[in-house]
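Architecture at a glance
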Amino acid sequence: MDYSQFGAMVPELIILGLFFIVFLWDTFTGDGGKRALTPLTTVLFGLATVAIWLIPSGSETVFGGMYASDAACKAMKAILNVGVFIVLLQSAKWVESDEVAIRKGEFYELLLVTLFGMYLMISARHFLIFIIGLESASLPLAAMVAFNKRHYESHEAAVKYILTAVFSSAILLMGLSFVYAFSGGSLYFNDIRAAVSEGPASGLLICALAFMIAGIGFKLSLVPFHLWTADVYQGAPTAITAYLSVISKGAAAFAFFVIFVQAFGTLYSGIWEWMMYAVIIVTITVGNLFAIRQKNMKRFMAFSSISQAGYIMLGVMTESALGLGSMMFYIFVYVVSNLAVFSVISAIENKTGKLGMDDYDGLHKTNPWLSFAMTLAMFSLAGIPPFAGFFSKILIFTSVTASDSMALYMLVLIALINTIISLYYYLLVVKAIWINPGEAKVESFRSACSERVALWLCVAGIIFFGLVPCIYQFCVDSAVRLQLF
C-alpha cells in the first residue's frame, strides 16, 4: 500500500490529530490544565473547521476506490463541522458543571470519534468503509446519551438507543449480505450498480433494499424507524440532543444519497422510488401530527426533527446534482435553525431546569433577546419568508419538480400541505412566548458568553442564508463535481 494515499484523507487526519491532542491533554495534565480543556478544544476545532473549508477541492479515489475525496464530500464535512462548533459553544457551560466537569475530556473524545465515523460514511464508496463509519458514529453516541450518570432518564435513553442501534445495524447487514450475494461477491458501489443493471430485479434484491432503507432510516429517524427518537432526545443531555438532531442526520442523509444513487440508481423507478415515496410521506405527516401534542420542548424538537428528515429526503428522489445541492443547502439551514432553538433551550435549562412549553409563557417580558432568537428560529423551521428556511424548502421543492413525473408532483403537494401543519405547531411556541397571558415563568437572566456566541452565529446564519444565495450556489457547484452523475 502507498501511504501517500492518506493525503486524500486530510479532514479525517485533522479530526484524529485533534482527538489525540484532547486525549493526551486530558490524560497527562493536572487540574489546572483540565480547566483549559474546554477553550482549547473549542479553539482548535474552530481552526480545524476553517482549515477544512480552505482545503483545495480535488477529486480522487484512494485505497482501491473504497474512499472518495471530492468537492461535495469536503463541503458536507465542512457543514457538519460548523454544526459541531456551535454545539461545542452551547455546551461549554454544561461541561463545566460540577456533575460533568470531571468527565469533560471523555465528552470531547467521544464527540470527535463520532464525527470521524460520519466523515467515513460521507466518503465511503465501499460498504466496508461505510459500515466502519456507521458503527464509529453510532456506538459512542450511546455513551454520550448516558452522560448524565445520576439521571434515570439518561440511562433509559441510552439503553433504548443502543438496543435500537444494534437491531438496525443487524437489519442493514442482513440486507447487505443479500446485496453481496447478488453482486457476485463485491461491496463496491460501482460493482453493485453494474450487477443489478444486468437483469430484472429479484425478490432477494427487493428485500435487500428494504432492509437497507430500514437500517439507514434508523440514523435519520424516518418513520417507522423513529420510535427511539423522542425518548432518547428527552433523556439525553440537551447538548447531546442538539448533536443528534442535526449532525448525525446530515451525515446519514448524504451517505443515503450516495449509496442509493451510485449503487442502486438503475433500480430507482422500478423499486426504491416507491418505497421512498411511502417513507417520506409517512415521515413528514407523523412527525408533524405528533409534534402538535408535545409539551416538553425536547420531545417537541424530536418530532420536528423527524418531520425535517422527511423534507431532507426529498433531495434523494431527484437523483441529480441539483437535488444533492438543494439537500446540502437544506441541511446547512437546518443546522443553524435547529441549533438556534437548542441554544435557547439549553440556556433556559442551565439556568432554571425548565423544559416545558408552558414555561415559555411570557418569556419576552424577561428575556427579549432569547425570545427574538427563538422566534426567528421557529419561523425559519416553519419556512416563513424571508428567513433561510423558506428558501431551503423552495429550493428542494423546485429540485424535485424539475422532472416531469406526476408522482413527484404529488409528493411535493403532500409536503406542501404538511408545511401548513408544521406552521401551526411552530407558532405554538411563538404564541407561548409573545401572546399567552400571565406572568413570565422564567426570570430575567444573562446566559453564558459561549451560549450567546452560539446563538449569535445561528441567528446570523438564519438571516444571512435567507438573503445571500452564494451558499446555495456553492452547494450546487460542489454537488456537480461529485463523481456520481
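Each remark here, short or long, concerns the structure printed above.
Just so you know, these numbers come straight off a predicted model, no measurement behind them.

What to know about the packing of aromatic side chains
Counted by the stated rule, this structure contains 27 aromatic pairs. On the numbers, 5.4 Å between centres and 85° between planes, the contact of Trp 94 with Phe 107 is edge-to-face. In this pair, Trp 94 is assigned in helix α4 (residues 71-95) and Phe 107 in helix α5 (residues 104-123), connecting sequence segments 13 residues apart. Like Trp 94, the residue Phe 107 is buried in the burial classification. An angle of 55° between the planes, with centres 6.3 Å apart, marks the rings of Tyr 311 and Phe 397 as tilted. Of this pair, Tyr 311 sits in helix α13 (residues 297-313) while Phe 397 sits in helix α17 (residues 388-400); the two residues are 86 residues apart in sequence, bridging distant segments of the chain.

Comments concerning the pattern of salt bridges
Overall, the coordinates contain 6 salt bridges when judged by the stated rule. Notably, a salt bridge pairs Asp 70 with Arg 125, separated by 3.8 Å at the nearest N-O pair. In this pair, Asp 70 is assigned in the loop between β2 (67-69) and α4 and Arg 125 in the loop between α5 and α6 (127-145), connecting sequence segments 55 residues apart. In this structure Asp 70 comes out as buried when scored by relative accessible area, which is 4%. Put simply, Glu 156 and Lys 160 hold a salt bridge, and the shortest N to O gap is 2.9 Å. With Glu 156 and Lys 160 both in helix α7 (residues 152-182) and 4 residues apart, this pair spans about one turn of that helix. Using a relative accessible area of 30% as the deciding quantity, one classes Glu 156 as partly exposed. When salt bridges with common partners are traced through the structure, they connect Glu 156, Lys 160, Asp 231 and Arg 299 into a single cluster.

Describing the layout of surface pockets
Leftover empty space is mapped by rolling, across the atoms, a probe with the size of a water molecule. In this structure, the largest pocket spans a volume of roughly 340 Å³. The wall of the largest pocket is formed by 21 residues, among which Trp 94, Asn 148, His 151, Pro 237 and Glu 349 lie closest to the centre. Of all the secondary-structure elements, those providing two or more residues to the lining of the largest pocket are α4, α7, α10 (229-235), α11 (238-263) and α14 (321-352). Residues that form the lining of the largest pocket fall into these classes: 6 nonpolar, 10 polar and 5 charged. Put simply, the second largest pocket is a space of about 160 Å³. If you trace the second largest pocket, you find it lined by Thr 49, Val 82, Phe 85, Ile 86, Phe 332, Val 336, Leu 457, Ala 460, Gly 461, Phe 464 and Phe 465. Only α4, α14 and α19 (449-467) provide two or more residues apiece to the lining of the second largest pocket. Residues that form the lining of the second largest pocket fall into these classes: 9 nonpolar, 2 polar and no charged.

A short note on empty space enclosed by the protein
Within the structure shown, the criterion is met by 2 cavities of 30 Å³ or more. Of the volumes computed, that of the largest cavity is approximately 50 Å³. Lining the largest cavity, in full, are Gln 308, Tyr 330, Val 333, Tyr 334, Ser 337, Ser 380, Leu 381, Gly 389, Ser 392 and Lys 393. When contributions to the lining of the largest cavity are tallied by element, the ones reaching two or more residues are α14, α16 (368-382) and α17. Per element, the largest residue contribution to the lining of the largest cavity is 4 residues, and it comes from α14. When its residues are assigned to classes, the lining of the largest cavity shows 4 nonpolar, 5 polar and 1 charged. Within this model, the second largest cavity holds a volume of roughly 40 Å³. Around the second largest cavity, the lining residues are Leu 134, Glu 135, Ser 138, Ala 165, Ser 168, Ser 169, Gly 215, Phe 218 and Lys 219. Residue assignment for the lining of the second largest cavity shows that the elements contributing at least two residues are α6, α7 and α9 (203-220). Partitioned by chemical class, the residues of the lining of the second largest cavity number 3 nonpolar, 4 polar and 2 charged.

Some details on the packing of α13 against α14
At a minimum axis separation of 11 Å, α13 and α14 run at an interaxial angle of 175°. In terms of their interaxial angle, α13 and α14 are classed as roughly antiparallel. When α13 is examined against α14, the residues Met 297, Met 301, Ser 305, Gln 308, Tyr 311 and Ile 312 are found in contact with a partner set consisting of Met 327, Tyr 330, Ile 331, Tyr 334, Asn 338, Val 341, Phe 342 and Ile 345. The residue makeup of the contact of α13 with α14, split by class, is 11 nonpolar, 3 polar and no charged.

Brief notes about α7
The terminal C-alpha atoms of α7 lie 45 Å apart, and with 31 residues this matches the ideal 45 Å at 1.5 Å per residue to within 8%. Among all positions in α7, only Ser 154, Ala 157, Ala 158, Tyr 161, Ala 165, Ser 168, Ser 169, Leu 172, Gly 175, Leu 176 and Val 179 are buried. Looking at the buried residues of α7, the elements they touch are α6, α8 (189-196), α9, α10 and α11. In the stretch just after α7, Gly 184 is the one whose phi turns positive, near 80°.

Focus on a nonpolar patch on the surface
A cluster of nonpolar side chains, contributed by Leu 13, Leu 16, Phe 20, Phe 23, Leu 24 and Phe 28, occupies part of the molecular surface with about 590 Å² of accessible area. Assignment of secondary structure puts Leu 13 in helix α1 (residues 10-28). Taking the relative accessible area as the measure of exposure, Leu 13 reaches 42% and is therefore partly exposed.

What counts as what
- Residues numbered from 1 in each chain as written.
- Predicted model: local features only at pLDDT ≥ 70, side-chain atom pairs only at ≥ 80, totals over all residues.
- Heavy atoms only, no water.
- Phe/Tyr/Trp six-rings, centres within 6.5 Å; stacked < 30°, edge-to-face > 60°.
- Helix = DSSP H or I, 4+ residues; strand = E, 2+ residues; numbered from the N terminus.
- Buried < 20%, exposed > 50% of the residue type's maximum accessible area, 1.4 Å probe, protein only.
- Salt bridge = Lys/Arg side-chain N within 4 Å of Asp/Glu carboxyl O.
- 1 Å grid on protein atoms, 1.4 Å probe; cavity = no way out; pocket = protein on both sides within 12 Å on 5 of 7 lines; lining within 4 Å.
- Points joined across faces, edges and corners; volume = space filled by probe spheres on them.
- Nonpolar A, V, L, I, M, F, W, Y, C, P; charged D, E, K, R; others polar.
- Axes fitted to C-alpha atoms, helices over the stretch in contact; angles between N-to-C directions.
- Parallel < 35°, antiparallel > 145°, perpendicular 65-115°, else oblique.
- Contact = heavy atoms within 4.5 Å.
- Expected span 1.5 Å × (residues − 1).
- Patch = residues over 30% accessible without salt bridge, like charges linked within 9 Å, V, L, I, M, F, W, Y side chains within 5 Å.
- Areas by Shrake-Rupley, 256 points an atom, 1.4 Å probe, with all protein chains shown as cover.

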